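The residues making up each chain are set out below.
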Amino acid sequence: MAKQNTVFKDAYNRCLKLLAETSSLPSEPELGQVLGVSRTTVRAILSRFEELQLIAWDKRKKNVLRQPRPDDYFPTEETDSLSEIIERSFMRRILAGGAEPGMQINELELAREIGTGTTSVREFLIRFSRFGLIEKRPNSHWILKGFTREFALELTEVREMFELRSAARFVSLPHDHPAWEELKKIETLHREILADIDNRYREFSELDEQFHLLVHKASSNRFIIDFYDIIAIVFHYHYQWNKTNARQRNARALEEHLAYIEALRSHDPAKAEQACRRHLQSARETLLQSIP
């Protein structure tokens, strides 16, 4: 069910963009071919458009009545792939549990929470377990393990190589690439949290994940993007493991992110590299301080 909803919402958002560029939509078979979905999904999209008075639908005629507004679109997080939804739910469960070594993760509960089958959840956990941070136990249970200083140092080296490459690719993206609009939204969230840092500093971890994942995706390298799973749990969620001076640390990281974002938006590779290195160095220091 979760996967089907995701397919519909993603296709719906893409069809909205088509609608914004025309006065009438093509036939259902043509729309299905363009969007890569079934006729059933196309009809569901058109029915919703009609309900929202976006189009007048009379058999083959689908005339546009108004331009889409931002609130007509489904939020980005609802159009992610099933694997991304599972990953986000897994990370949130880790956060809610405090991310302490020995914490139990039940794949049945996680699957129920997401609204998908246990097979997909189990496949994600098995893939994640290769890094040695979770371990399979009987009866669909998994255990979160601790990690050593040596592990963290090795990870920082790989992270720096991957993110520097991704940042270099990001600044070369065309000006009309969707990543720039997503970066703008993320920048706005940073400023909103900083403006109310005393009450909202705990929101940083999830925003941190969104920002760095966006940068990594610019690499268009499946291995770099896949590696991000372990980066997220260690680099980003360690802010929850060690709550000492959390407000100050998160405020500093938010400011570094804003400088990093500004450098990316400059389209200057040298500025992007400098801002990226500065932030990664701070992240390395904070990570190492959090390890007993």
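Calculation notes
- Residues numbered from 1 in each chain as written.
- Predicted model: local features only at pLDDT ≥ 70, side-chain atom pairs only at ≥ 80, totals over all residues.
- Heavy atoms only, no water.
- Helix = DSSP H or I, 4+ residues; strand = E, 2+ residues; numbered from the N terminus.
- Buried < 20%, exposed > 50% of the residue type's maximum accessible area, 1.4 Å probe, protein only.
- Contact = heavy atoms within 4.5 Å.
- Areas by Shrake-Rupley, 256 points an atom, 1.4 Å probe, with all protein chains shown as cover.
- Expected span 1.5 Å × (residues − 1).
- Core = buried A, V, L, I, M, F, W, Y, C linked by side-chain atoms within 4.5 Å.
- Polar contact = N/O pair within 3.5 Å; in protein donor to acceptor, adjacent residues only side chain to side chain.
- Pairing = 2+ DSSP bridges.
- Axes fitted to C-alpha atoms, helices over the stretch in contact; angles between N-to-C directions.
- Phe/Tyr/Trp six-rings, centres within 6.5 Å; stacked < 30°, edge-to-face > 60°.

Trainee: Can you help me understand the overall build of the protein in this one?
Mentor: Scanning the protein for helices and strands turns up 14 helices and five strands. Here the protein holds 292 residues, and 47% of them are scored as buried. Sequence separation of 24 or more characterises 68% of the internal contacts of the protein that already satisfy a separation of 6 or more. Carbon and sulfur atoms provide 49% of the accessible area of the protein, an area that totals close to 15,400 Å².

Trainee: When you look at helix 10 (residues 204–217) in this model, what are you seeing that I'm missing?
Mentor: Owing to its 3.6 residues per turn, the α-helix brings residues three or four apart onto one side. Between the first and last C-alpha of helix 10 there are 20 Å, a value that for 14 residues agrees with the 20 Å anticipated at 1.5 Å per step. Across the 14 residues that make up helix 10, a large majority, eleven, are buried.

Trainee: In this structure, what is going on with the nonpolar core? I would like to understand it.
Mentor: Nonpolar side chains tend to gather and get buried jointly when the protein is soluble and globular. Core analysis: the biggest nonpolar cluster contains 30 residues, and F170, L183, F211, Y260 and L264 have the highest contact counts within it. Taken together, the elements giving at least two residues each to this core come down to helix 7 (149–170), helix 8 (178–195), helix 10, helix 13 (246–265) and helix 14 (269–289). Apart from residues no more than four positions distant in its own chain, F170 is found in contact with A179, W180, L183, L214, V215, A218 and L264. Counting 22 residues, the second largest nonpolar core, distinct from the first, contains L110, F124, F128 and L144.

Trainee: I tried to follow the environment of E187 on my own but got confused; where do I start?
Mentor: Counting through the fold element by element, E187 comes out in helix 8. Owing to a relative accessible area of 12%, E187 belongs among the buried residues under this scheme. For the pair E187 and I261, spaced 74 residues apart in sequence, the C-alpha separation works out to 7.2 Å. A distance of 2.4 Å separates a polar atom in the side chain of E187 from a polar atom in the side chain of R265.

Trainee: What should I look at first to understand the sheet that holds strand 3 (residues 104–106) in this one?
Mentor: Strand pairing within a sheet occurs via backbone hydrogen bonds; the two strands may be parallel or antiparallel. Spatially, the three strands line up as an open sheet ordered 3-5-4, and their pairing is antiparallel. The open sheet is flanked by strand 3 and strand 4 (134–137), the only strands paired with a single partner. Across the sheet, the mean angle from the axis of one strand to that of its neighbour is 30 degrees, orientation sign disregarded. Across three bridges, strand 3 lies against strand 5 (residues 141–144) in antiparallel orientation. Across the sheet, the residue bridging to N106 is H141, located in strand 5.

Trainee: Sorry if this is basic, but what is going on with the packing of aromatic side chains here?
Mentor: Aromatic ring pairs are described here by two measures, namely the spacing of the ring centres and the angle between the planes. Under the defined criterion, the tally for this structure stands at six aromatic pairs. Both rings, one in F8 and one in Y12, keep their centres 5.9 Å apart while their planes meet at 35 degrees; by these two values the pair is tilted. One end of the pair, F8, and the other, Y12, are both in helix 1 (residues 2–19), four residues apart, so they sit about a helical turn from each other. Look at F211 and Y260: their rings are 5.1 Å apart centre to centre, the planes differ by 90 degrees, and that puts the pair in the edge-to-face class. Remark: Y260 occurs in helix 13 and F211 occurs in helix 10; sequence separation between them is 49 residues. In terms of burial, F211 and Y260 fall into one category: buried. One aromatic cluster is present, formed by F8, Y12, F49 and F74 through successive ring pairs.

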